[in-house]
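Listed below are the residues making up each chain.
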Amino acid sequence: MEKIMKIISKVELTVAAVCLVASTSMIFIAAVLRRIGNPINWSIDISLFLFAWCIFLSADIALRDDRLVSFDLISEKLPKKFNKVLSTILFVVIFAFLALLLVYGSILAYTTRIRTFQGIPGFSYTWITLSLPVGALLMMQTVIYKIIGFYRKKEDTATTEELIFDGEDD
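Let us look at the structure shown here. These numbers were taken from a predicted model, which means no experiment stands behind them. (Residues numbered from 1 in each chain as written. Predicted model: local features only at pLDDT ≥ 70, side-chain atom pairs only at ≥ 80, totals over all residues. Heavy atoms only, no water.)

**Considerations on the overall build of the chain**
Item 1. Helix and strand content of the chain: six helices and zero strands.
Item 2. What you see in the chain, going N to C, is helices and strands ordered as α-α-α-α-α-α.
Item 3. Across the 170 residues in the chain, those meeting the buried criterion constitute 34%.
Item 4. Once local pairs closer than 6 in sequence are excluded, the contacts in the chain between residues at least 24 apart make up 76%.
Item 5. Total accessible area computed for the chain in this model is approximately 11200 Å², and 70% of it derives from carbon and sulfur atoms. (Helix = DSSP H or I, 4+ residues; strand = E, 2+ residues; numbered from the N terminus. Buried < 20%, exposed > 50% of the residue type's maximum accessible area, 1.4 Å probe, protein only. Contact = heavy atoms within 4.5 Å. Areas by Shrake-Rupley, 256 points an atom, 1.4 Å probe, with all protein chains shown as cover.)

Structure follows, in structure tokens:
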């Protein structure tokens with residue numbers, strides 16, 4: 001499972017970074033070209049596409065690395081065993097929410113299959129809406145990984161950074 005997580009982490013991090021840089025670059029180039037009187041109308045559509053994918057892939061990376069906003073004032077005071085059970089319950093609730101996102105995101109992706117971008121004829125809006133179920137599926141996998149990690153030794157679960165940069169000579 002560790003090798004699969006390592007591959008997924010590398011791909012996610014690379015794709016998210018490329019999407020963010022490309023989206024930012026596209027917006028900058030479009031602004032400059034608009035200013036000199038030669039606007040490119042499809043730049044906003046491509047930027048939206050890239051940014052949506054960047055957001056959902058980055059959300060999974062943040063979830064895996066415990067970098068999401070949290071309020072742990074109460075959980076710090078609880079016994080470790082109870083905290084583990086409480087965290088598991090919260091991850092099960094998160095998993096249920098992600099399952100709903102997967103189902104309804106898939107329905108949304110299917111219903112938008114005939115909608116095309118204004119500036120890019122032939123490019124289906126489904127490519128943006130697919131980021132929702134794909135991101136939910138990736139986060140569901142991370143939640144399972146996290147729950148399993150609670151009941152193993154702490155060393156057995158790794159962050160994205162550890163997965164990518166540790167043991168690169170494998």
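That was the structure; now back to the text.
**Focus: the pattern of salt bridges**
Item 1. Evaluated as defined, the whole model comprises three salt bridges.
Item 2. Of the charged contacts in the structure, one is a salt bridge between Arg-64 and Asp-60, with a shortest N-O distance of 2.8 Å. Taken together, the residues Arg-64 and Asp-60, both in helix α2 (residues 43-64) and four residues apart, mark about one turn of the helix. The two residues Arg-64 and Asp-60 agree in class, both being buried.
Item 3. For Lys-146, the salt bridge is made with Asp-66, and the minimal N-O distance between the two is 2.8 Å. Note that Lys-146 is positioned in helix α5 (residues 131-150) and Asp-66 in the loop between α2 and α3 (80-111), a separation of 80 residues in sequence.
Item 4. Counted as one network, the salt bridges with shared partners bring together Glu-12, Asp-60 and Arg-64. (Salt bridge = Lys/Arg side-chain N within 4 Å of Asp/Glu carboxyl O.)

**Focus: the packing of aromatic side chains**
Item 1. Taken as a whole, this structure holds four aromatic pairs when the rule is applied.
Item 2. Between Phe-117 and Phe-123, the ring centres sit 5.2 Å apart and the planes meet at 20°, which makes this aromatic pair stacked.
Item 3. By relative accessible area, Phe-117 is classed as buried at 4%.
Item 4. Here Phe-117 and Tyr-125 contribute two aromatic rings whose centre-to-centre distance is 5.2 Å and whose plane-to-plane angle is 50°, an arrangement assigned as tilted. There is no split in this pair, since Phe-117 and Tyr-125 are both buried.
Item 5. Cluster of aromatic residues (ring-pair linked, three or more members): Phe-49, Phe-117, Phe-123 and Tyr-125. (Phe/Tyr/Trp six-rings, centres within 6.5 Å; stacked < 30°, edge-to-face > 60°.)

**Focus: the packing of α2 against α5**
Item 1. It is the contact of α2 with α5, at a shortest axis distance of 9 Å, that shows an interaxial angle of 5°. Our classification of the angle between α2 and α5 gives roughly parallel. Taking contact as the criterion, the partners of Ala-52, Trp-53, Phe-56, Leu-57, Ala-59, Asp-60, Leu-63 and Arg-64 in α2 are, on α5, Ser-131, Leu-132, Val-134, Gly-135, Leu-138, Met-139, Gln-141, Thr-142, Val-143 and Lys-146.
Item 2. Each residue belonging to the contact of α2 with α5 can be placed in one class, and the counts come to eleven nonpolar, four polar and three charged. (Axes fitted to C-alpha atoms, helices over the stretch in contact; angles between N-to-C directions. Parallel < 35°, antiparallel > 145°, perpendicular 65-115°, else oblique. Nonpolar A, V, L, I, M, F, W, Y, C, P; charged D, E, K, R; others polar.)

**A few points about the packing of α3 against α5**
Item 1. Running from N to C, α3 and α5 point in directions that differ by 160°, and their axes come no closer than 8 Å. Compared by their axis directions, α3 and α5 come out roughly antiparallel. α3 and α5 meet at a crossing whose hand is left-handed. (Left-handed = near helix turned anticlockwise from the far one by under 90°.)

**A look at α2**
Item 1. Taking 1.5 Å of rise per residue, 22 residues should cover 32 Å, and α2 covers 32 Å from first to last C-alpha, within 8% of that figure.
Item 2. Taken from the residues just after α2, Asp-66 is the one with a positive phi, measuring 55°. (Expected span 1.5 Å × (residues − 1).)

**Quick notes on a nonpolar patch on the surface**
Item 1. A cluster of nonpolar side chains, Phe-28, Ile-29, Val-32 and Ile-36, forms an exposed patch at the surface whose accessible area comes to about 410 Å².
Item 2. Following the sequence through the fold, Ile-29 ends up in helix α1 (residues 2-35). (Patch = residues over 30% accessible without salt bridge, like charges linked within 9 Å, V, L, I, M, F, W, Y side chains within 5 Å.)

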